[in-house]
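Now for the letters of each chain:
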Amino acid sequence: MSFWEVTLSLLRGLGTTGRLFFLTLLFALPLGLLICMASTSRFAPLRWLTKTVVWVVRGSPLMLQILIVYYGPGLVFGWPLLPRFIAALVTFAINYACYFSEIYRGGIQSIPRGQYEAGQVLGLTRSQVFFKVTLLQLVKRIVPPMGNEFITLVKDTALARVIMVYEIIWIGESYIKKGMMWPLFYTAVFYLIANGVLTVLLNKFEKKLDYFKA
Amino acid sequence: MAMLEVQNIRKSFGKLEVLKGIDFSLEKGQVLSIIGSSGSGKTTLLRCLTFLERAEQGSVTVNGDTIFDAAEVGKISAAEQRRRQLHFGLVFQNFNLFPQYTVLQNVCLAPKLQAKERPDYKQHTKEIIAEIEAKAHALIDQVGLSAKCDAYPWQLSGGQQQRVAIARALALDPEILFFDEPTSALDPELTGEILHVIKDLAGRRMTMVIVTHEMQFAREVSDHVLFMDGGLVVESGTPEQVFDHPEHERTREFLSRFTQA
Ligand SMILES: Nc1ncnc2c1ncn2[C@@H]1O[C@H](COP(=O)(O)OP(=O)(O)OP(=O)(O)O)[C@@H](O)[C@H]1O
Ligand SMILES: [Mg+2]
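Calculation notes
Residues numbered from 1 in each chain as written. Chains lettered and ligands numbered in written order. Predicted model: local features only at pLDDT ≥ 70, side-chain atom pairs only at ≥ 80, totals over all residues. Heavy atoms only, no water. Helix = DSSP H or I, 4+ residues; strand = E, 2+ residues; numbered from the N terminus. Rg over C-alpha atoms; globule rule 2.2 N^0.38 Å. Buried < 20%, exposed > 50% of the residue type's maximum accessible area, 1.4 Å probe, protein only. Contact = heavy atoms within 4.5 Å. Areas by Shrake-Rupley, 256 points an atom, 1.4 Å probe, with all protein chains shown as cover. Lys, Arg positive; Asp, Glu negative; His and termini not counted. Charge placed at Lys NZ, Arg CZ, Asp CG, Glu CD. Salt bridge = Lys/Arg side-chain N within 4 Å of Asp/Glu carboxyl O. Core = buried A, V, L, I, M, F, W, Y, C linked by side-chain atoms within 4.5 Å. pLDDT = per-residue confidence, 0-100. Pairing = 2+ DSSP bridges. Axes fitted to C-alpha atoms, helices over the stretch in contact; angles between N-to-C directions. Patch = residues over 30% accessible without salt bridge, like charges linked within 9 Å, V, L, I, M, F, W, Y side chains within 5 Å. Buried area = accessible area lost by both parts, 1.4 Å probe.

J.: Would you explain the overall build of chain B in this entry?
T.: When its secondary structure is counted, chain B shows 9 helices and 10 strands. For a compact globule of 261 residues, the expected C-alpha radius of gyration is about 18 Å, and chain B comes in at 19 Å, within 12% of that figure. Judged by the C-alpha coordinates and their principal axes, chain B covers about 60 × 45 × 35 Å. Counting the 261 residues in chain B, one finds 55% classified as buried. Considering only intrachain contacts with a sequence separation of at least 6, the fraction spanning at least 24 residues in chain B is 66%. When the accessible area of chain B is evaluated, it comes to approximately 11900 Å², of which 48% is carbon and sulfur surface. With 28 positive and 35 negative side-chain charges, chain B shows a separation of 6 Å between the mean positions of the two kinds.

J.: Looking at this structure, how should I read the pattern of salt bridges?
T.: Opposite charge on two side chains lets them pair, provided their charged atoms get close. All chains considered together, the criterion is met by 22 salt bridges over all chains. Through salt bridges with shared partners, one network takes in A:Arg113, A:Glu117, B:Arg47 and B:Glu53.

J.: Would you explain the nonpolar core in this entry?
T.: One recurring pattern in soluble globular proteins: nonpolar side chains tend to sit buried together. Formed by 47 residues in total, the largest nonpolar core has its most connected members in A:Phe92, A:Phe100 and A:Phe150. Sorting the residues of this core by element identifies α1 (3–39), α2 (44–59), α3 (62–77), α4 (84–109), α6 (126–156), α7 (168–174) and α8 (182–208) of chain A as the ones contributing at least two each. Element by element, the count of residues in this core is highest for α4(A), at 11 residues. Beyond its immediate stretch of four places on either side in the chain, A:Phe100 contacts A:Leu25, A:Ala28, A:Leu29, A:Gly32, A:Met146, A:Glu149 and A:Phe150. With 44 residues, the next largest nonpolar core counts B:Leu26, B:Leu32, B:Leu45 and B:Leu90 among its residues.

J.: Any chance you could explain helix α5 (residues 113–121) of chain A here in plain terms?
T.: Residues of α5(A) that are buried: A:Gly114, A:Gln115, A:Glu117, A:Ala118, A:Gly119 and A:Val121. Turning to α5(A), the residues buried within the fold contact α6 of chain A together with α1 (42–49), α2 (78–85), β6 (88–91) and α5 (158–170) of chain B. Just downstream of α5(A), A:Gly123 is the residue with a positive phi angle, here 80°.

J.: Sorry, what's going on with the confidence of the model for chain B here?
T.: Residues shown with low pLDDT carry predicted positions that ought not to be read at fine detail. Residue-level pLDDT values for chain B average 92, and 99% of them are 70 or greater. For this predicted complex, the interface score ipTM comes out at 0.92, while the overall pTM is 0.88.

J.: Would you mind showing me how to read the sheet that holds strand β4 (residues 57–62) of chain B here?
T.: Two strands in a sheet stick together by hydrogen bonds in their backbones, pointing the same way (parallel) or opposite ways (antiparallel). All names here are of chain B. The 4 strands lie next to each other as β2-β1-β4-β5, forming an open sheet whose pairing is antiparallel. Strand pairing shows two members of the sheet lacking a second neighbour, β2 (16–26) and β5 (65–69), which therefore form its edges. Averaged over all pairs of adjacent strands, the angle between strand axes in this sheet comes to 20°, irrespective of strand direction. In the packing of α1 onto the sheet, contacts are made with β1 (4–13), β2 and β4, and the angle to β2 comes to roughly 65°.

J.: For this particular structure, what's the right way to read a nonpolar patch on the surface?
T.: All names here are of chain A. Residues Leu31, Leu33, Leu34, Met37, Leu82, Ile86, Val90 and Ile94 make up a contiguous nonpolar surface patch of about 610 Å² in total accessible area. At the level of elements, α1 and α4 are the ones that each hand at least two residues to the nonpolar patch. Ranked by residue count, the leading element in the nonpolar patch is α1, at 4 residues. For isoleucine 86, the location among the structural elements is in helix α4.

J.: Mind showing me how you'd approach the sheet that holds strand β7 (residues 176–180) of chain B here?
T.: All names here are of chain B. On the basis of which strands lie adjacent, the open sheet formed by 6 strands has the order β6-β7-β8-β3-β9-β10 and mixed pairing. Either end of the sheet is taken by a strand with one partner, and the two such strands are β6 and β10 (232–237). Looking at each pair of strands side by side, their axes are set apart by 20° on average, direction ignored. Pairing between strand β3 (residues 31–36) and strand β8 (residues 207–211): 4 bridges, direction parallel. Its bridge partner being in β8, serine 33 is matched across the sheet by isoleucine 210.

J.: I would appreciate a short explanation of the interface of chain A and chain B in the present structure.
T.: Buried accessible area, meaning the area lost when the parts come together, often serves as the stated size of an interface. In this assembly, 20 residues from chain A lie in contact with 25 residues from chain B. At the boundary of chain A with chain B, total buried surface from both sides reaches about 2100 Å², with 62% on carbon and sulfur atoms. For chain A, the biggest contributors to the area lost against chain B are A:Val121, A:Leu122 and A:Lys132; these three give 31% of the whole. On the surface where chain A and chain B come into contact, there are 1 salt bridge. For B:Arg47, the salt bridge identified is with A:Glu117, shortest N-O distance 2.8 Å.

Written out as structure tokens, the structure reads:
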């Protein structure tokens, strides 16, 4: 099997990896904000419930969570299995949303009270204060830690192979049975390129927000 | 009737009674300075008057209109609350400029957002925006920062930032402007420029309430001085009365710290 054939099949795997990555972000970024709001809610039971969920999700291995989401409902309730990709996506979205929620929370708490108060005294509504005053400061604060999570996510997608989602590492590994070890190692190149591009984009975005200090 | 009437403002934080019934009034175009030792409740009073804290008792009227009445708390809509708020402007000790906006944008932000609620905004957007910006330029000029219109807060000294904060507060045409120790976060050599701006405003008959530790300044700029201690107004009167002929022992004690220094 030629180098190009291997490359092509790995690229197909990379497609799955990429889909998992982008869809996870698509769901986890807003979900994280919801979790953040719930974990700072004035309603104590909701706050404690969310904090417990976040603690469980952040405190246990992601690989185990994927297995539980995939096999758990069938084992416990006798439900049919979710499609593999969906099960992986649901797990990643929830898992990353929990990490994101903590980043949002840290960002929100680091914005000085005075910013809200200045907005209020100037007669801004609560939503104007959020969108016109604090949002951009929040974005600036959370871009670096979010960037780290994004890069971790690129690599974490490989865990989806435990439920046989055909992402790039799974395909790389499948060559071992055919007596080829190098395709698995070769996958590293794809990760490095993907993360290289991501890093450049994140840096560009950070630079864009360099014009102010907060 | 005085322009501003403050009656029996009381405020506690938990068990700590910080304001124990504050009364004062102020005529239009006059300047009131509030002095008093640390912890006497001066900041809390300003925060209650500007709705950043909610007083448990008392009332505030401006030109006879009720702005705050502890008895009707909770019965007022957020929109009405904001409308009432706009009678007052507040300049903070630590400026609280919006870091992502230039000087001009800081001054224009609130007026522009407010203008969007005008019924004729859609038809005359351009003129309205131009008007707001022209006025902002004039205010920035008034505080001596024309050259810094497009600078961001981090590029300014503390004194310059505070002058922007004053322009920003003035942009909404408040009837009364409150200052909470406007110079105490500044290096001593920068306090002069702020005091100069405030004196200039006093010359323009701006109605102001100033919490300050600058006794000399308070004496020069104020029509009235109010000495607070332990959450009460202990002494009030003209600067001459309070500074030169204080009636109360606590006032004399407080002032002596400044003359000795
Ligand atoms: N949010 C709060 N929670 C609890 N206590 C508070 C709060 N804000 C103020 N206090 C207390 O209220 C008292 C009055 O504080 P305040 O800030 O009004 O004093 P001040 O006269 O402005 O003092 P300074 O001259 O130091 O600024 C202090 O004992 C302070 O610790
Ligand atoms: Mg104070």
